[in-house]
Amino acid sequence: MTAPTDWTSYAPLDAAFGRRLRASSADVVEGLARHKAWRYLAVEHVKNSYRRTVLGPWWLTAQTLLFVLGVGYVFSRLNGQPVKVFLPYVTVGYLTFALLAGITRACANVFVSQGGLIKSTRQPLTSLVLRAVAIETILFAHNVIIVAGFFALRLIDPSPWLALAPVALLVILLNGIAVGLWLGPLVARFRDLAPAVESLLSLMVFFTPIFYRAGIFKGTEHLVVAWNPYTYFVDLFRECVLGTTPDTSTVVGAAAFTLANMALAAVLFARTRSRLPYWVS
Amino acid sequence: MSRVQLDDVTAKYDLLSVRDYNLKRRLADLVKGRHEPPKVIHALRSVTLDLPRGSRLGLVGANGAGKSTLLSIMAGLLPPTSGRVNVQGRVLALLGGAAAGLDQEASGRDNVVSMGVQLGELPDAMRARSDEVLDFSGLGARADDPVFSYSTGMQARLRFSILTSLRPDVLLVDEGIGAADAAFANKANARLDEFLAGAGIFVLASHGDALLRQQCDQAIWLDRGVVRAQGALDAVLQQYHASYDQQQLEAL
């Protein structure tokens with residue numbers, strides 16, 4: 001009998017939850033262990049997407065730069081804030097949001113788009129999620145150059161909090177992996193969730209404090225942004241980069257959503273992993 | 001050490017309709033109290049088999065008899081609904097059509113590395129091996145062109161070359177190796193013989209008797225998910241064809 005900890009074993013569809021959880025955990029562990037594989041595949045994917053462009057990676061960065069400069073300027077005037085202060089705020093916030101939205105979008109479609117692979121090439125399903133998250137991280141890294149430029153131009157001053165920015169990024173990526181493990185199977189099962197995720201994401205830009213400060217909402221009004229997990233993750237990373245001391249509510253909110261997200265991933269991935277190959281085509 | 005054991009393996013799954021894949025419709029049905037359970041496909045019923053090393057098994061049966069499902073379960077690509085599956089050794093499967101698992105945008109050379117990597121090899125090891133694999137595939141100067149520009153036969157050759165270069169202990173093949181030409185078929189057969197001489201386990205699902213006779217010595221006849229006959233290839237083929245003739249006679 002194949003050991004239950006062996007990632008290759010799909011728990012039979014009639015298996016108890018404990019057995020499914022062991023099988024799905026083994027999948028996650030094996031997926032993480034194969035980091036050389038998904039890192040390679042992610043880099044190849046990004047390289048391939050540049051093959052037919054002239055500017056290559058710089059096109060993406062240039063596009064983002066134009067966007068944040070324009071939007072940053074307009075919104076600093078709208079908010080009555082000095083451009084020098086508000087531009088970095090908008091830029092770092094927007095880039096973080098773009099990473100979160102990109103990961104969410106990629107993770108929603110991760111299994112649906114790889115159905116052929118799931119049915120022909122045996123690998124941990126977690127590897128597919130990790131590859132998707134890695135691709136979004138590489139794209140984000142292109143945009144980080146803009147932030148580096150802001151540091152060089154002294155628009156942002158380095159602070160000790162900057163050392164924690166990689167930790168904040170890691171928290172975001174961890175959440176992305178968890179989202180892939182629960183939202184990926186859900187979208188594979190209910191295909192109309194993919195467009196729903198898409199339209200939700202376009203709304204989220206407005207419910208996340210990127211182009212305004214969360215402080216403009218007083219009292220119960222604060223719920224406009226408080227319900228939204230992106231608020232906390234954007235805040236966490238942005239505060240670390242800009243050198244503001246992270247707010248307690250930001251840290252608590254990010255921690256709470258991370259735990260809830262991981263719990264959801266553990267339960268849903270265990271429940272759906274064996275059925276997933278039957279749902280995709 | 002290679003071995004394939006299936007114990008009382010059953011596979012049934014819901015055939016999801018467009019309606020089932022739609023959450024809004026499902027919720028609407030729930031509110032209206034309407035419930036149409038999805039159609040259940042019973043692909044395999046209580047299949048038990050034990051293949052020791054050196055086995056060369058052919059799978060025969062009509063379309064939809066469960067051959068591909070059985071191969072997918074052996075390959076670990078699908079879980080059974082119930083029953084136990086024990087496969088020892090490295091399993092590789094040529095399933096799902098000639099192009100399955102290939103990245104159409106990437107070159108043949110890149111696919112050698114990326115497919116190997118997905119099957120558990122390290123990128124450097126695959127890069128080191130890529131010339132040898134491409135040489136065997138006979139793609140020649142086309143190796144660096146994107147895979148979508150290849151013919152079906154070329155894609156099948158590429159996939160066969162990659163998978164067999166990974167030294168499987170158990171090799172599962174659905175409908176031969178596809179549209180490969182005669183020259184490549186000879187090379188592929190030589191490689192299969194090499195693999196079989198190493199006491200690997202080979203399972204081939206096919207409708208081609210000639211192919212089965214060439215590469216297998218035992219067979220299983222699957223009929224609507226049930227093992228109808230099992231044993232020496234010729235005997236099983238005879239029974240299978242006899243039932244087929246019988247059906248035709250009855251139809252007349």
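Residues numbered from 1 in each chain as written. Chains lettered and ligands numbered in written order. Predicted model: local features only at pLDDT ≥ 70, side-chain atom pairs only at ≥ 80, totals over all residues. Heavy atoms only, no water.

K.L.:
How do you make sense of the overall build of chain A when you look at a structure like this?
P.N.:
For chain A, the helix and strand inventory stands at twelve helices and zero strands. Sequence-ordered secondary structure for chain A, helices as α and strands as β, is α-α-α-α-α-α-α-α-α-α-α-α. A globule of 281 residues ought to have a C-alpha radius of gyration of about 19 Å, and chain A, at 20 Å, matches this closely. Here chain A holds 281 residues, and 53% of them are scored as buried. Of the contacts formed within chain A by residues at least 6 apart in sequence, a portion of 74% connects residues at least 24 apart. Split by element, the accessible area of chain A, about 12700 Å² in all, is 70% carbon and sulfur. Positive and negative charge centroids in chain A, built from 24 and 13 side chains respectively, lie 6 Å apart. (Helix = DSSP H or I, 4+ residues; strand = E, 2+ residues; numbered from the N terminus. Rg over C-alpha atoms; globule rule 2.2 N^0.38 Å. Buried < 20%, exposed > 50% of the residue type's maximum accessible area, 1.4 Å probe, protein only. Contact = heavy atoms within 4.5 Å. Areas by Shrake-Rupley, 256 points an atom, 1.4 Å probe, with all protein chains shown as cover. Lys, Arg positive; Asp, Glu negative; His and termini not counted. Charge placed at Lys NZ, Arg CZ, Asp CG, Glu CD.)

K.L.:
Would you mind going over the nonpolar core with me for this structure?
P.N.:
Burial of nonpolar side chains together is a common tendency in soluble globular proteins. Core analysis: the biggest nonpolar cluster contains 77 residues, and Phe97, Phe111, Leu125, Val129, Phe237 and Leu276 of chain A have the highest contact counts within it. Once residues within four sequence positions are removed from consideration, phenylalanine 237 of chain A is found in contact with Val92, Thr96, Phe140, Ala165, Ala168, Leu169 and Ile172 of chain A. With 44 residues, the next largest nonpolar core counts Leu163, Leu171, Phe202 and Ala219 of chain B among its residues. (Core = buried A, V, L, I, M, F, W, Y, C linked by side-chain atoms within 4.5 Å.)

K.L.:
Which parts of the structure should I look at to understand the packing of helix α1 (residues 17–33) of chain A against helix α11 (residues 248–272) of chain A?
P.N.:
How two helices pack is summed up by the angle between their axes together with the distance between the axes. Residues and elements named next belong to chain A. It is at 8 Å that the axes of α1 and α11 come closest, and there the two elements cross at 105°. Accordingly, the angle class assigned to the pair α1 and α11 is roughly perpendicular. Here Phe17, Arg20, Leu21, Ser24, Asp27 and Val28 of α1 come into contact with α11, specifically with Ala266, Val267, Phe269, Ala270 and Arg271. Tallied by class, residues from the contact of α1 with α11 come to seven nonpolar, one polar and three charged. (Axes fitted to C-alpha atoms, helices over the stretch in contact; angles between N-to-C directions. Parallel < 35°, antiparallel > 145°, perpendicular 65-115°, else oblique. Nonpolar A, V, L, I, M, F, W, Y, C, P; charged D, E, K, R; others polar.)

K.L.:
I would appreciate a short explanation of helix α8 (residues 193–207) of chain A in the present structure.
P.N.:
Three- or four-residue spacings in an α-helix give side chains the same orientation, since the helix completes a turn every 3.6 residues. Taking 1.5 Å per residue as the helical rise, α8 of chain A with its 15 residues ought to reach 21 Å, and the 20 Å between its terminal C-alpha atoms agrees with that figure. Residues of α8 of chain A that are buried include every one of Leu193, Ala194, Val197, Leu201, Met204 and Val205 of chain A, and no others. Structurally, α8 of chain A contributes buried residues whose contacts are with α4 (83–108), α7 (165–189) and α10 (229–242) of chain A together with α1 (23–32) of chain B. (Expected span 1.5 Å × (residues − 1).)

K.L.:
Even after reading the chapter, I still don't get the packing of aromatic side chains, so can you show me in this structure?
P.N.:
Two aromatic rings are characterised by how far apart their centres lie and by the angle between their planes. Residues and elements named next belong to chain A. Tallied over the entire structure, the rule returns 14 aromatic pairs over all chains. Judged by centre distance (5.6 Å) and plane angle (80°), the ring pair of phenylalanine 97 and tyrosine 230 falls under edge-to-face. With phenylalanine 97 in helix α4 and tyrosine 230 in helix α10, this residue pair connects regions lying 133 residues apart in the sequence. The exposure classification of phenylalanine 97 matches that of tyrosine 230, with both residues buried. (Phe/Tyr/Trp six-rings, centres within 6.5 Å; stacked < 30°, edge-to-face > 60°.)

K.L.:
It is not clear to me how a nonpolar patch on the surface should be interpreted in this structure. Could you clarify?
P.N.:
Together, Leu55, Trp58, Trp59 and Ile145 of chain A make up a nonpolar patch on the protein surface, roughly 450 Å² of accessible area in all. As for its position among the elements, leucine 55 of chain A is in the loop between α2 (35–50) and α3 (57–78). (Patch = residues over 30% accessible without salt bridge, like charges linked within 9 Å, V, L, I, M, F, W, Y side chains within 5 Å. Salt bridge = Lys/Arg side-chain N within 4 Å of Asp/Glu carboxyl O.)

K.L.:
How should I be thinking about the pattern of salt bridges in this particular structure?
P.N.:
Pairs can form between side chains of opposite charge whenever their charged atoms are close. Counting across every chain of the model gives 20 salt bridges over all chains. Lysine 47 of chain A is the partner of glutamate 44 of chain A in a salt bridge, and the nearest nitrogen-oxygen pair spans 3.4 Å. A residue pair is termed a helical-turn pair when its members lie 3 or 4 positions apart in one helix, as glutamate 44 of chain A and lysine 47 of chain A do in helix α2 at three residues. Using a relative accessible area of 12% as the deciding quantity, one classes glutamate 44 of chain A as buried. In this structure, the salt-bridge partner of arginine 142 of chain B is aspartate 145 of chain B, at a minimum N-O distance of 2.6 Å. The partly exposed category is assigned to arginine 142 of chain B, whose relative accessible area is 29%.

K.L.:
Can you walk me through the pairing of strand β6 (residues 170–174) of chain B in this structure?
P.N.:
All names here are of chain B. Of all five residues making up β6, four are buried, and the element is well covered by its neighbours. Both β6 and strand β7 (residues 201–205) contribute to a ladder of five bridges, which runs parallel. Looking across to β7, one finds that leucine 172 is bridged to valine 203. (Pairing = 2+ DSSP bridges.)

K.L.:
Honestly, the sheet that holds strand β2 (residues 39–51) of chain B in this entry has me stumped. Any pointers?
P.N.:
Backbone-to-backbone hydrogen bonds join strands into a sheet, with any given pair of strands oriented parallel or antiparallel. Residues and elements named next belong to chain B. Ordered by their spatial adjacency, three strands build an open sheet running β2-β1-β4, and the pairing between neighbours is antiparallel. The outermost strands of the open sheet, each flanked by one partner alone, are β2 and β4 (82–88). Neighbour-to-neighbour, the strand axes of this sheet turn through a mean angle of 25°, independent of strand direction. Alignment of strand β1 (residues 3–15) against β4, held across six bridges, turns out to be antiparallel. Each bridged residue has a counterpart across the sheet, and for glutamine 5 the counterpart in β4 is asparagine 86. Taken strand by strand, helix α2 (residues 67–74) contacts β1, β2 and β4, and its axis lies near 60° from that of β2.

K.L.:
What exactly am I supposed to notice about the interface of chain B and chain A here?
P.N.:
Frequently, the measure chosen for interface size is the accessible area removed from exposure when the parts meet. Residue-level contacts link 43 residues of chain B with 34 residues of chain A. Together, the buried faces of chain B and chain A total about 3300 Å²; carbon and sulfur atoms form 57% of this surface. Of all residues in chain B, Tyr21, Leu77 and Gln118 of chain B give up the largest surface area on contact with chain A, accounting jointly for 22% of the area buried on that side. Our count for the chain B to chain A interface comes out at one salt bridge. In this structure, aspartate 192 of chain A and lysine 24 of chain B form a salt bridge, with 3.6 Å as the shortest nitrogen-oxygen distance. (Buried area = accessible area lost by both parts, 1.4 Å probe.)

K.L.:
Looking at this model, I keep getting lost on α10 of chain A. Mind explaining?
P.N.:
Residue and element names in this part refer to chain A. Here α10 spans 20 Å end to end across 14 residues, near enough to the 20 Å set by a 1.5 Å rise per residue. Counting buried positions along α10 gives twelve out of 14 residues, so the element sits mostly inside the fold. Among all positions in α10, only Tyr230, Thr231, Tyr232, Phe233, Val234, Asp235, Leu236, Phe237, Arg238, Glu239, Cys240 and Val241 are buried. In this structure, the buried residues of α10 make contact with α4, α6 (125–152), α7, α8, α9 (223–226) and α11. The residue sitting at the N-terminus of α10 and contributing the capping side-chain oxygen is asparagine 228; that oxygen lies 2.8 Å from the backbone nitrogen of tyrosine 230. The positive-phi residue at the C-terminal boundary of α10 is glycine 243, with phi of around 80°. (Polar contact = N/O pair within 3.5 Å; in protein donor to acceptor, adjacent residues only side chain to side chain.)

K.L.:
Just checking my understanding: could you explain the packing of α7 of chain A against α10 of chain A for this structure?
P.N.:
Residue and element names in this part refer to chain A. In the contact formed by α7 and α10, the axes pass within 8 Å of each other and the chain directions differ by 160°. Classified by the interaxial angle, the pair formed by α7 and α10 is roughly antiparallel. Relative to α10, α7 is oriented so that their crossing is left-handed. Listed contacts from α10 to Ala165, Ala168, Leu169, Val171, Ile172 and Asn175 of α7 are Phe233, Leu236, Phe237, Cys240 and Val241. Looking at the contact of α7 with α10 residue by residue, the class counts come to ten nonpolar, one polar and no charged. (Left-handed = near helix turned anticlockwise from the far one by under 90°.)

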